[in-house]
Amino acid sequence: MRVGGETYALPVENVAEIVECGAIAPLPGAAGGVIGVRNLRAQVLPVFDLAAVLGAPSGTSAVLVIAEAAGNRVALGVDAVLDVAELEAASEASDLPFLSGTLLDGDSLVGIIDPDRLFAALAQRAAA
Amino acid sequence: VIDELAELLDVFRDEADGRLDSLVDAVLALESGRSGSDLVEGLLRDLHTIKGGAAVVGLDDVAALAHAIEDLLEPVSETGVFPPELAEPLLRAADSMRAGLRGEAVPAAPVAPVAAVAPVTETRSIRVAAEKLDRLLDLVGESLLHQRRLEHVLGSEAAADELDVGERLLGELKDTAVGLRMLPLSAIATALPRAVRDIAASEGKAAELTVHGLETELDRAVLEGLTEPLVHLLRNAVAHGIESPEERSRKGKPSVGTVELRAAQRGNAVEVTVSDDGAGVSEAVREEARRAGSLADVLCRSGFSTADSVSNLAGRGVGLDAVRSFVEGLGGSFEVRSEPEQGTEFILLLPLALALLEVLLVESDGNVYGIPLASVSEAVDVHEPVSLGGRPHLRLRGEALPLAGLAQLLGASGPSKPASVGIVVAAAGRSAAVTCDTLLGQEEVVVKPLGPLLAAVEGYLGAAVLGDGRVALLVDPASLLRGAVSGTARRAAASAPAQRSPKVLVVEDSVTVRELQRSILETAGYRTVTARHGREGLERLLADTEIELVVTDVEMPELDGLELTRLIRAHPERGNTPVVIVTSCADDAARERGLVAGADAYMVKQGFEQEALLETVQRLVGR
């Protein structure tokens, strides 16, 4: 998926579905990175701006990736979803937080997101 | 009674079993060579919780065993080294505790400390009567059939009738679903008569508890939080209400005092009362109550109790204030009545179901918010706001109310638009006029929590999905009004910096203790910031340069108080921030560890006196 002009991958078993941005109720008082909450079939989901969380250049959050990990379910705002692909194991470790590694796919560098670490960071971020 | 005990035992066993499972996992991981202070700390927390729980419910042998293992693990928690030969005795002890939990004569109650120390990973379970589920499924099936009938008749004259039927069915469906969350008072009350006997014995008095309305059902979440306030009120009744046996016989009363716990449903609320047949509050207190207009206000103020002499048992004003905060935090109310020589009665009015909330829906900056109707006094026209102390106020029947925009109070950036609609919101003894763009009307909504990831965002009770699919954020009135007051305080401070009151950070994982300390400090005029564990505390401290002092607990998840103190001391900018450690660990070694870590003061919770805390804080911030 494309996030703020950069490319990232999330393990497909952590992705429940992809939805349009839709109507998001902003949450005044929440930290940066929290866009708000959204109704998804009568379920209230927190919506995070993935670009802000990853520290990528600001993106559009036009599409929401509904992600699940550690019993939590969130909507992650991304620019676009590019592909579902089988990637080789990460070729290089990354010193960026939330990434389990990076790899070169064709010409582009793909950051592999570690869902557990990402979700832990989301909880911290909302509290900040 | 047998049924209640059995049900109770199941609830407690579920909880303790989960703790023992994770304890065993930790021991096995440590034995297999995995190291990590996380594992040891988690293990100690599990033990501590089991110990606390077992002691509360009178499973003394289980509590003693947990305590013994805690002692055994003391060197491990200090050195971080786990000798593998410890694994075998630990696992055996876990088995013994499990056996103890299943013992025949084990009247157990759900345990308040479990909620207080619960880690984020706690799985929530609920025991449900099978009839309720059957009924729910019946209703759902009926609704579906009805929906199909509706499609056929839609457009005909019969449509309106069928829609009515649908509404009734769905209403019942909703009520049944809500009923799944309810538990009878008996789930927590069975251990209380013994508690009253024990308290009376330690006070040199004779008292008996009678309980009425054990079958009254309450929302599980309300019930779980109710144990501590109830025990507090019972203590208060025995320690301060009931007279000594000699005094009672002099007055011609039966020598054994009676404490009564009653619960009954009153419409959409449950009324819980704790009353005693003691001497009632003193004439001085009654006089003060006549002046203040409310006995509850006077008793909740620190320094007052229902007796003139204050014993070492709880019963002071701060304790009652915590009870009131708990009740009002749920959207309920708290009242006290007292008659000379007849006794004192505490009345708690609690919401029947937390899942449903009657709210006033309003629109502000294009978004929908819900404000609990119980906190809304009236809607007013906002015209000609007056300025008082440089802040906008609204004049209402000779009173000046602070005036602020809803979205701004919640933390939205940007100036508030001139709004013409105001709502007077009242909670926790404060009120303010809050402005918004439009009033949309009142509605009963189903409260959905914002979830663990957003739990730390302050100011919201949750969210609700409206009929049109929009999300309404449900505003917590008490925190909204705190914001109104601290917002005005900030502005006032800017014009008079010398008057600015010091800000204190309270780091404590137990919500009860945290709220207690917050209320003590705020009553004394300090501003406060709170955090649930050391890591959060450190973040708060580094993010807010106004914090002048830190009050911290020791045993907390994520990052404990000692480590927090060390990290503060090592910090280049905030290294000089005074730190007060408040803990339940009374022994000298613990005190020394605290002071070695760099704490400025060390206070023990058992002998925890609010004056002592305030004196220490005042000494350390120099004001």
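Per-chain numbering applies: the sequence of each chain, read as written, is numbered from 1 onward. For this description, chains carry letters from A and ligands carry numbers from 1, given in the order in which they are written. Selection of residues for local features in this predicted model requires a pLDDT of at least 70, selection of side-chain atom pairs for listing and counting requires 80 or more, and totals for whole chains, interfaces and linings are taken over all residues. Side-chain measures here rest on the full set of heavy atoms in the structure, leaving out hydrogens and waters.

Engineer: Describe in detail the overall build of chain A, supporting the description with residues and values.
Structural biologist: Helix and strand counts for chain A come out as two helices and ten strands. Across chain A, helices and strands are ordered from the amino to the carboxyl terminus as β-β-β-β-β-β-α-β-β-β-β-α. Any residue under 20% of the maximum accessible area for its type is buried, any over 50% is exposed, and the rest in between are partly exposed; the area is computed with a 1.4 Å probe on protein chains only. Buried residues in chain A amount to 48% of all 128 residues. Residue pairs in contact within chain A that sit at least 24 positions apart in sequence constitute 51% of those at least 6 positions apart. Using a 1.4 Å probe, accessible areas were evaluated by the Shrake-Rupley method; residue-level cover was limited to the displayed protein chains. Here chain A has roughly 6000 Å² of accessible surface; of this, 51% comes from carbon and sulfur atoms. Elements are defined by DSSP. Helices are runs of H or I of four residues or more, strands are runs of E of two residues or more, and each kind is numbered from the N terminus. Contacts between residues were defined by any pair of non-hydrogen atoms, one from each residue, lying within 4.5 Å.

Engineer: So what's going on with the confidence of the model for chain A? Residues and values would help.
Structural biologist: Per-residue confidence from the predictor is reported as pLDDT, which spans 0 to 100. Here chain A shows a mean pLDDT of 82. Residues at 70 or above account for 92%. Within chain A, the element-level pLDDT minimum falls on helix H2 (residues 115–127) of chain A, averaging 76, and the maximum on strand E7 (residues 63–69) of chain A, averaging 90.

Engineer: With reference to specific residues and values, describe unusual backbone geometry.
Structural biologist: Residues and elements named next belong to chain B. In the Ramachandran plot, Asp365 falls in the positive-phi region, its phi being about 50 degrees despite a non-glycine side chain. Within the secondary structure, Asp365 is located in the loop between strand E8 (356–364) and strand E9 (367–372). Located in the positive-phi region is Glu558, a residue other than glycine, with phi close to 70 degrees. By the secondary structure assignment, Glu558 is in the loop between strand E21 (547–552) and helix H19 (561–570).

Engineer: Describe the interface of chain A and chain B, and please don't skip the residues or the numbers.
Structural biologist: At the junction of the two partners, chain A supplies 22 residues and chain B supplies 24 residues. When two parts are put together, the accessible area they lose, computed with a 1.4 Å probe and summed over both, is reported as buried area. Taking both partners together, chain A and chain B bury about 1900 Å²; carbon and sulfur atoms supply 67% of that area. Salt bridge, as applied in this entry: a Lys or Arg side-chain nitrogen positioned within 4 Å of an Asp or Glu carboxyl oxygen. Where chain A packs against chain B, one counts zero salt bridges. Polar contact is defined as a pair of N or O atoms within 3.5 Å, subject to the rule that within protein one atom must be able to donate a hydrogen and the other to accept it, and that residues adjacent in sequence are counted only when both atoms are side-chain atoms. On inspection of chain A and its partner chain B, the count reaches one residue pair in polar contact (both at pLDDT 80 or more). Mapped onto the side of chain A that touches chain B, the elements with two or more residues apiece are strand E5 (34–40), strand E6 (43–49), strand E8 (72–78) and H2 of chain A. Of the residues forming the side of chain A that touches chain B, the biggest block, six residues, is contributed by H2 of chain A. Ten residue types, Ala, Val, Leu, Ile, Met, Phe, Trp, Tyr, Cys and Pro, are classed as nonpolar, four, Asp, Glu, Lys and Arg, as charged, and the remainder, Gly among them, as polar. Across the side of chain A that touches chain B, the residue classes tally to 17 nonpolar, four polar and one charged.

Engineer: Quick one: what's the story with the sheet that holds strand E5 (residues 269–276) of chain B, residue by residue and with numbers?
Structural biologist: Residues and elements named next belong to chain B. The mixed open sheet is built from five strands, whose spatial order is E2-E4-E5-E7-E6. Edge positions in the sheet fall to strand E2 (207–212) and strand E6 (333–339), since each has one partner strand and no second. Strand-to-strand, the axes of this sheet are offset by a mean angle of 15 degrees, without reference to chain direction. Pairing between strands requires that DSSP locate at least two bridges from one strand to the other. With seven bridges connecting them, E6 and strand E7 (residues 343–351) associate as antiparallel partners. By the bridge assignment, Ser338 is partnered in E7 with Thr344. The sheet strands contacting helix H9 (residues 192–203) are E2 and strand E4 (257–266), and the helix crosses E2 at an angle near 160 degrees. Each axis is a line fitted through C-alpha atoms, taken for helices only over the stretch in contact, and angles between the N-to-C directions span 0 to 180 degrees.

Engineer: Go over the packing of aromatic side chains, please, and point to the residues and values.
Structural biologist: Residues and elements named next belong to chain B. When the centres of two rings from Phe, Tyr and Trp lie within 6.5 Å, Trp using its six-membered ring, the rings pair. Their planes under 30 degrees apart give stacked, over 60 give edge-to-face, and anything left gives tilted. This structure, assessed with the given rule, holds one aromatic pair over all chains. Summarising the aromatic geometry, the rings of Phe334 and Phe346 are spaced 6.2 Å apart at their centres and angled 20 degrees between planes, so their arrangement reads as stacked. Note that Phe334 is positioned in strand E6 and Phe346 in strand E7, a separation of twelve residues in sequence. Assessed through its relative accessible area of 8%, Phe334 is described here as buried.

Engineer: With reference to specific residues and values, describe the sheet that holds strand E16 (residues 438–446) of chain B.
Structural biologist: Hydrogen bonding along the main chain pairs the strands of a sheet, whether they run parallel or antiparallel. Residue and element names in this part refer to chain B. Pairing is mixed in the open sheet, where five strands are placed in the order E16-E8-E9-E18-E17. Pairing within the sheet leaves two strands with one partner each, and these edge strands are E16 and strand E17 (460–465). Neighbouring strand axes in the sheet, compared pairwise and without regard to direction, differ in orientation by 30 degrees on average. The sheet contact formed by E9 and strand E18 (residues 471–475) spans two bridges and is parallel. Within the sheet, the bridge partner assigned to Tyr369 lies in E18 and is Leu473.

Engineer: Lay out the pairing of E5 of chain A in plain terms, naming residues and giving numbers.
Structural biologist: All names here are of chain A. Most of E5 is tucked away, with six of its seven residues classed as buried. As defined by bridge partners, strand E4 (residues 24–25) adjoins E5 across two bridges and the pair is classed as antiparallel. Paired with Ile24 across the bridge in E5 is Arg38. In the sheet, E5 pairs with E6 via six bridges, with the strands oriented antiparallel.

Engineer: Provide a residue-level description of the environment of Leu150 of chain B, including the pertinent values.
Structural biologist: Residues and elements named next belong to chain B. Tracing the sequence through the fold places Leu150 in helix H6 (residues 130–153). Along the sequence, Leu150 and Glu162 sit twelve residues apart, while their C-alpha atoms lie 6.5 Å from each other. Beyond its immediate sequence surroundings of up to four residues, Leu150 is in contact with Ala159, Glu162 and Leu163.

Engineer: Explain the side chain of Ser375 of chain B to me, and be specific about the residues and the numbers.
Structural biologist: Residue and element names in this part refer to chain B. Position of Ser375 among the secondary structure elements: in the loop between E9 and strand E10 (376–381). Take Ser375: its relative accessible area is 11%, and that puts it in the buried class. Excluding its chain neighbours within four sequence positions, the residues that come into contact with Ser375 are Val424, Val425, Ala426 and Pro477.

Engineer: For helix H20 (residues 588–597) of chain B, give the residues involved together with the corresponding values.
Structural biologist: All names here are of chain B. Of all the residues in H20, the buried ones are Ala590, Gly594 and Ala597. Down the axis of H20, the buried side of the element spans an arc of 65 degrees, and every buried residue falls inside it. Set apart from the buried face of H20 by more than 90 degrees, the exposed residues are Asp588, Glu592 and Val596. Looking at the packing, one finds that the buried side of H20 touches H19, strand E22 (579–583) and strand E23 (601–604). Arc definition: it is the arc formed by the directions from the helix axis to the C-beta atoms.

Engineer: Explain the pattern of salt bridges to me, using residue names and the numbers behind them.
Structural biologist: Residues and elements named next belong to chain B. Using the criterion set out here, one finds 29 salt bridges over all chains in the structure. Close ionic contact of Arg569 with Asp600 constitutes a salt bridge, the shortest N to O distance being 2.8 Å. Linking Arg569 in helix H19 with Asp600 in the loop between H20 and E23, this pair joins segments that are 31 residues apart in sequence. Judged by relative accessible area, which is 36%, Asp600 ranks as partly exposed. Several salt bridges converge on common partners, so that one network encompasses Glu243, Glu247, Arg248, Lys251, Lys253, Asp277 and Glu341.

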